[in-house]
Amino acid sequence: MMKARILTLIVAGLVAGLAYATPSPAIQPSAAGMWAQVYPDGSVGGWFLIFENNGVYEGAIAKMFTKPGEDPNPICSHCTGDQKNQPSLGLVIIKGMQRNGLVYENGSILDPRDGHVYQAKMTLSADGQQLTLRGFLGIELFGQNQTWKRLPNDVLPQDQLPANLVPYWLALQKTSNTMMTKGGGPRQTGSIRPWQPGH
């Protein structure tokens, strides 16, 4: 009887020890946050805010870096629907992204220069610091990639954000994200260059 009880205690102790020693699955980073559109030369075309909205992920232009001679306040004159003639700053250009781990798919991206809408997919790096966006028409194979780099969520103060993005920005400030970078982002020059699939 005593031996059986001791054996039971030993087995219970081993099971508890294994459960404690087994690492819990790592929490995957989210694409939600502030991002810089980075060109191959290291310059930056714009900053974007990606956020969750009604179960899908969207992205909007949070800051633009226009070149001398460019319209500092462009509008999307070629857009359709309720986005027609809306300011490019604050414009939601990424829509309908469905999250599947580190991949966000079945979404679309808008080129604010000509109003064209492309199918799109986003892939987040395992460390949460790089986002690869791919825009395409019909066949993903013939699309084009852009690489975005994560910025600190508070890289822009609230009073410099487009009004429509403030609620999403405030939600980010309440979210503890250990994957955030510290300090400034990449060099802030250049203008936004959306996709031109096939070029």
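Structure report, in brief. (Residues numbered from 1 in each chain as written. Predicted model: local features only at pLDDT ≥ 70, side-chain atom pairs only at ≥ 80, totals over all residues. Heavy atoms only, no water.)

Further remarks concern the sheet that holds strand 6 (residues 117–124). Spatial strand order, 1-2-3-4-5-6-7-8: eight strands in a closed barrel with antiparallel pairing. Between one strand axis and the next, the sheet turns through 30° on average, direction left out of account. Sheet topology note: the strand 7 (residues 130–136)/strand 8 (residues 144–151) ladder contains six bridges and is antiparallel. By the bridge assignment for strand 8, L133 is matched with Q146. Across the sheet, helix 2 (residues 166–173) touches strand 1 (33–38) and strand 2 (44–53), and the angle it forms with strand 2 is around 80°. (Pairing = 2+ DSSP bridges. Helix = DSSP H or I, 4+ residues; strand = E, 2+ residues; numbered from the N terminus. Axes fitted to C-alpha atoms, helices over the stretch in contact; angles between N-to-C directions. Contact = heavy atoms within 4.5 Å.)

Its place among the elements puts R150 in strand 8. This buried residue, R150, is left without a salt bridge; D127 holds the nearest opposite charge, at 7.5 Å. Among the polar contacts made by the side chain of R150, one reaches the main-chain carbonyl oxygen of A32 at a distance of 3.0 Å. (Buried < 20%, exposed > 50% of the residue type's maximum accessible area, 1.4 Å probe, protein only. Lys, Arg positive; Asp, Glu negative; His and termini not counted. Salt bridge = Lys/Arg side-chain N within 4 Å of Asp/Glu carboxyl O. Polar contact = N/O pair within 3.5 Å; in protein donor to acceptor, adjacent residues only side chain to side chain.)

In this section: the pattern of salt bridges. Summed over the entire model, instances satisfying the criterion amount to one salt bridge. In this structure, R113 and D111 form a salt bridge, with 2.9 Å as the shortest nitrogen-oxygen distance.

Attention now goes to the state of the cysteines. Enumeration over the complete set of coordinates arrives at one disulfide. Across a sulfur-sulfur distance of 1.7 Å, C76 and C79 are joined as a disulfide pair. Handedness here is read from the sign of the S-S torsion; for C76 and C79, about 70°, the answer is right-handed. Exposure remark for C79: the relative accessible area of 3% places this residue in the buried category. (Disulfide = S-S within 2.5 Å.)

Given 3.6 residues per helical turn, the α-helix brings residues three or four places apart onto the same face. By the burial criterion, the buried members of helix 2 are V166, W169 and L172. End-on view of helix 2: buried residues confined to an arc of 115°, all on one side of the axis. Its buried side turned inward, helix 2 meets strand 1 and strand 2. (Arc of directions from axis to C-beta.)

Here we come to the packing of aromatic side chains. Taken as a whole and judged by the stated rule, the model has four aromatic pairs. An angle of 75° between the planes, with centres 5.4 Å apart, marks the rings of W47 and F65 as edge-to-face. Taken as a pair, W47 in strand 2 and F65 in the loop between strand 3 (56–64) and strand 4 (92–100) lie far apart in primary sequence, 18 residues in all. Summarising the burial analysis for this pair, W47 and F65 share the class buried. (Phe/Tyr/Trp six-rings, centres within 6.5 Å; stacked < 30°, edge-to-face > 60°.)

Here we come to the nonpolar core. Ranked by internal contacts, the top residues of the largest apolar core, which has 42 residues, are M122 and L131. Top element by residues in this core is strand 2. It accounts for six residues. The contact partners of L131, leaving out residues within four places of it in the chain, are A31, W35, I50, M122, T123, L124, Q146, T147 and W148. (Core = buried A, V, L, I, M, F, W, Y, C linked by side-chain atoms within 4.5 Å.)

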